[in-house]
Amino acid sequence: CSGGPSEGSEAKAKKSRSSRSSRAGLLFPVSRVERQLRRGHFAERFGARAPVYLAAVLQWVTHKAMDMAGKISKKSKQQRISPSHLQMAVQKSSVLKQLLRGGVPRCHGRVVPQRQRVASPSKKKITKSKKR
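Residues numbered from 1 in each chain as written. Predicted model: local features only at pLDDT ≥ 70, side-chain atom pairs only at ≥ 80, totals over all residues. Heavy atoms only, no water.

1. Some details on the nonpolar core
Core analysis: the largest hydrophobic core is formed by 5 residues, namely Leu26, Val30, Val33, Leu37 and Ala55. Ranked by residues supplied to this core, first place goes to helix H3 (residues 30-40) with 3 residues. Those residues in contact with valine 30 that lie beyond four places of it in its chain are Arg20, Ser21, Pro51, Val52 and Ala55. (Core = buried A, V, L, I, M, F, W, Y, C linked by side-chain atoms within 4.5 Å. Buried < 20%, exposed > 50% of the residue type's maximum accessible area, 1.4 Å probe, protein only. Helix = DSSP H or I, 4+ residues; strand = E, 2+ residues; numbered from the N terminus. Contact = heavy atoms within 4.5 Å.)

2. A look at the pattern of salt bridges
Overall, the coordinates contain 3 salt bridges when judged by the stated rule. Between arginine 20 and glutamate 34 there is a salt bridge; the shortest N-O distance is 2.3 Å. A residue pair is termed long-range when its members are at least 10 positions apart, and arginine 20 in helix H2 (residues 20-24) and glutamate 34 in helix H3 qualify at 14 residues. The class for arginine 20 is partly exposed, based on a relative accessible area of 26%. With a shortest N-O distance of 2.9 Å, glutamate 34 and arginine 38 are connected by a salt bridge. With glutamate 34 and arginine 38 both in helix H3, this residue pair falls 4 residues apart, about one helical turn. (Salt bridge = Lys/Arg side-chain N within 4 Å of Asp/Glu carboxyl O.)

Next comes the structure, spelled out in structure tokens:
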């Protein structure tokens with residue numbers, strides 16, 4: 001009739017096969033992060049949720065940096081994100097600046113563009129002329 005209990009367990013095994021990244025709703029690989037944690041000997045033991053949390057943090061930092069760099073490249077009317085765009089994004093964001101502490105390498109042999117300042121009304125100094 002139904003073929004026995006082996007069919008049911010096979011369907012259940014196929015159904016429950018999904019990566020930890022997809023279960024957590026992440027794009028970054030949780031298994032690879034866990035492997036790097038184990039290889040790095042950062043601790044003797046760590047919880048099952050530690051690599052998931054670390055992958056989520058890495059994904060968030062990457063998303064924030066790339067999003068800001070993309071906006072900067074659009075402002076400068078360029079199609080590609082360059083290292084200088086990433087550096088400017090880190091400089092502009094206080095969160096990324098604090099997190100990375102200037103860890104983005106400088107562009108060698110190239111001048112890093114400065115932030116564009118918005119024109120503000122100039123304050124004229126009014127000097128009183130002294131009569132002599």
